[in-house]
Amino acid sequence: MASDESDGRDPLFRYDDPIFADERLLEITHLPGPDRIVGRDDQMLRVADALNPAIFGSKPSHLFIFGKTGTGKSLISRSITQRVITEAERDDINVKYAFIDCGEQNTEASIVKTVAQVVNEPERSGVTVPDRGLGTGDYYKRLWDVIDHCTDVTIVILDEIDMLEDDEVLRKLSRAGENRRISDSSIGIVGISNKIDFPDNLSERVKSSLSRDELVFPPYDANQLIDILNKRRDAFHEEVITDEVIPLTAALAAQEHGDARKAIDILRNAGRLAKKRNDARVTEEHVRAAKEKTEADRFSELIEGSPQQAKAILYALTLLTENSTEDEFPTKIIYSQYKQITGQLELDVLSERRVQEILQEQNFLNVIQSEREGRGRGRGAHAKHRLLEDPEIVKKVLLRDSRLSMEE
């Protein structure tokens, strides 16, 4: 224990941190200053160009941003928006923004309510926005009042916009000014997705009304990841991390399509592991162990709350991958393996068509990757599916569910 009982502190806890100087710099929610942002100069300029009119109280351009996980889409959107707010304040222009994670809030009512709550200043708007008790139409009415009375410009950032249950909210927000819902303010939408074909799935009404710019974020390369991690090196005490830690972390993350978020997760977990083991320095060994933990945590987060049937189907794909030289399998083969698992677990057997639908849902959630292949002229097409994560990691996470572990 680092604390002396004589100082009045509870001796159960430690009050120093031998590894981290400021662990918050490695949190995913941390918004770094502009000097810590690496390899995104062109993308920052494009986002700034779209939002620039807001500085003068004018309507910004709507913008859709695409790119794989960990390519800086959310970070850049939030960072540039914050800089717009700061610059607008110089001329007494009131810009506010609401950041919505559509993976958690995907209904029209929840998005409208959240935007209204974030932007609202009851003493100015004269309205309150309760958590429950209002219909969607009433939430819209309050949102329009809030926006008109509390802001000159409202920027709505919709992360994982492809998870929206209904895209009607995009049409209503983008047309609010034209339809005279608001008269003294304007709204800009920034939609973020890792699915570049997302706009193809929008309803025709939204496609015709939502004029927008589009921007693609490429993956980071290993050198850029090294720069990103070096910019956060001061999260650790001096000389705590050995020389090979950051290059190795960057190399491991670069293998996974240049995911900066994963690189930062691995580095933080390596530090936590060193601290847990009471090691004085963070080493290559900690990084490799942290990579496995990071991948398991990520996959666990993806399948959290999934029904047992979905887990059984994923487990079938995992066993096939483990016991074969192939890494992708047609639905029919997965279904055969799935039926064996349901027999052992005494689960109801779903139809092959329903299993195919669940596989497509897992593809949509980026748990697996599914591709359709033609069988030849006149013979239709079939889907093949593969895991996006190491099967050992997937199996370990799935078997945390005691209902599945009895299958072993």
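See the structure above.
With respect to a nonpolar patch on the surface
At step 1: On the surface, a cluster of nonpolar side chains totalling about 310 Å² of accessible area is made up of L12, F13 and Y15.
At step 2: Summarising the element assignment, F13 is placed in the segment before α1 (41–51).
At step 3: Residue F13 is classed as partly exposed on the basis of its relative accessible area of 43%.

A closer look at the nonpolar core
At step 1: L158, L170 and I187 are the most contacted members of the largest nonpolar core, which has 35 residues in total.
At step 2: Taken together, the elements giving at least two residues each to this core come down to β1 (63–66), β2 (95–101), α3 (108–119), α5 (136–150), β3 (153–159), α6 (168–174) and β4 (186–193).
At step 3: Among the elements that take part in this core, α5 stands out by supplying 7 residues, more than any other.
At step 4: Here L158 is in contact with I100, C102, I111, L170, I189, V190, G191 and I192, once residues within four sequence places are set aside.

What to know about helix α2 (residues 73–89)
At step 1: Between its first and last C-alpha, α2 extends 25 Å over 17 residues, near the 24 Å set by a 1.5 Å rise per residue.
At step 2: Residues of α2 that are buried include every one of K73, S74, I76, S77, R78, S79, I80, T81, V84, I85 and A88, and no others.
At step 3: Lining the buried residues of α2 we find α1, β1, β2, β3 and β4.

Focus: the sheet that holds β4
At step 1: Spatial strand order, β2-β3-β4-β1-β5: 5 strands in an open sheet with parallel pairing. Looking along the sheet, the strands with just one partner apiece sit at the ends: β2 and β5 (213–216). Taking each pair of neighbouring strands and ignoring which way they run, the sheet shows an average axis angle of 15°.
At step 2: The strands touched by α1 within the sheet are β1, β3, β4 and β5, with β5 carrying the most contacts at an inclination of about 165°.
At step 3: Contacting β1, β2, β3 and β4, α2 crosses the sheet at an angle of about 165° to β2.

Structural notes on the environment of R400
At step 1: Summarising the element assignment, R400 is placed in the loop between α15 (391–398) and α16 (402–405).
At step 2: Each C-alpha atom of the pair R400 and L26 lies 27 Å from the other, and the pair is 374 residues apart in sequence.
At step 3: Aside from chain neighbours lying at most four places away, what touches R400 is A296 and S300.

What to know about the pattern of salt bridges
At step 1: Here the structure, examined in full by the defined rule, presents 27 salt bridges.
At step 2: A salt bridge links E121 to R124, with the shortest nitrogen-to-oxygen separation between them at 3.6 Å.
At step 3: Given a relative accessible area of 19%, E121 falls into the buried group.
At step 4: A salt bridge links R277 to E285, with the shortest nitrogen-to-oxygen separation between them at 3.3 Å.
At step 5: Judged by its relative accessible area of 38%, R277 is partly exposed.
At step 6: Through salt bridges with shared partners, a single ionic network connects D259, D265, R268 and R298.

Structural notes on the packing of aromatic side chains
At step 1: Taken as a whole and assessed by the stated rule, the structure comprises 5 aromatic pairs.
At step 2: Here the aromatic rings of F64 and F66 are separated by 6.4 Å at their centres, their planes lie at 85°, and the arrangement is edge-to-face.
At step 3: Just above the ring of Y220 sits the side chain of R40; from NZ or CZ to the centre is 3.9 Å.
At step 4: For the cation-ring pair, R78 lies above F99, with the distance from its terminal atom to the ring centre recorded as 5.9 Å.

A short note on the pairing of β1
At step 1: The alternating pattern of β1 places L63 and I65 on one face and F64 and F66 on the opposite face, and all of these are buried.
At step 2: Pairing of β1 with β4 involves 4 bridges; the strand directions are parallel. Across the sheet, residue I65 finds its bridge partner in β4, namely I192.
At step 3: Inspection of the sheet shows β1 paired to β5 by 4 bridges, in the parallel sense. Note on β5: the bridge partner recorded for F66 is V216.

Things to note about the environment of E392
At step 1: The topology assignment puts E392 in helix α15.
At step 2: Between the C-alpha atoms of E392 and E322, which are 70 residues apart in sequence, the distance is 7.9 Å.

A word on a negative patch on the surface
At step 1: On the surface, E104, E160, E301 and E304 cluster together to form a negatively charged patch.
At step 2: Along the chain, E301 falls in helix α11 (residues 284–303).

Comments concerning unusual backbone geometry
At step 1: The phi dihedral of E239 falls on the positive side, at around 65°, and the residue is not glycine.
At step 2: Its identity is not glycine, yet E346 carries a phi of approximately 60°, on the positive side.
At step 3: Along the chain, E346 turns up in the loop between α13 (331–345) and α14 (352–364).
At step 4: Under the relative-accessibility criterion, E346 is labelled exposed at 74%.

So, the pairing of β3
At step 1: In terms of burial, β3 is a largely internal element, 7 of the 7 residues being buried.
At step 2: On β3, burial covers both faces: V153, I155, I157 and D159 on one face and T154, V156 and L158 on the other are all buried.
At step 3: As paired strands, β2 and β3 are joined by 7 bridges and run parallel to one another. Note on β3: the bridge partner recorded for D101 is D159.
At step 4: For the handedness criterion, the β-α-β arrangement of β3, α6 and β4 is classed as right-handed.

Parameters and conventions
- Residues numbered from 1 in each chain as written.
- Predicted model: local features only at pLDDT ≥ 70, side-chain atom pairs only at ≥ 80, totals over all residues.
- Heavy atoms only, no water.
- Patch = residues over 30% accessible without salt bridge, like charges linked within 9 Å, V, L, I, M, F, W, Y side chains within 5 Å.
- Areas by Shrake-Rupley, 256 points an atom, 1.4 Å probe, with all protein chains shown as cover.
- Salt bridge = Lys/Arg side-chain N within 4 Å of Asp/Glu carboxyl O.
- Helix = DSSP H or I, 4+ residues; strand = E, 2+ residues; numbered from the N terminus.
- Buried < 20%, exposed > 50% of the residue type's maximum accessible area, 1.4 Å probe, protein only.
- Core = buried A, V, L, I, M, F, W, Y, C linked by side-chain atoms within 4.5 Å.
- Contact = heavy atoms within 4.5 Å.
- Expected span 1.5 Å × (residues − 1).
- Pairing = 2+ DSSP bridges.
- Axes fitted to C-alpha atoms, helices over the stretch in contact; angles between N-to-C directions.
- Phe/Tyr/Trp six-rings, centres within 6.5 Å; stacked < 30°, edge-to-face > 60°.
- Lys NZ or Arg CZ within 6 Å of the ring centre and 35° of its normal.
- Lys, Arg positive; Asp, Glu negative; His and termini not counted.
- Charge placed at Lys NZ, Arg CZ, Asp CG, Glu CD.
- Right-handed = clockwise from strand over helix to strand, strands pointing away.

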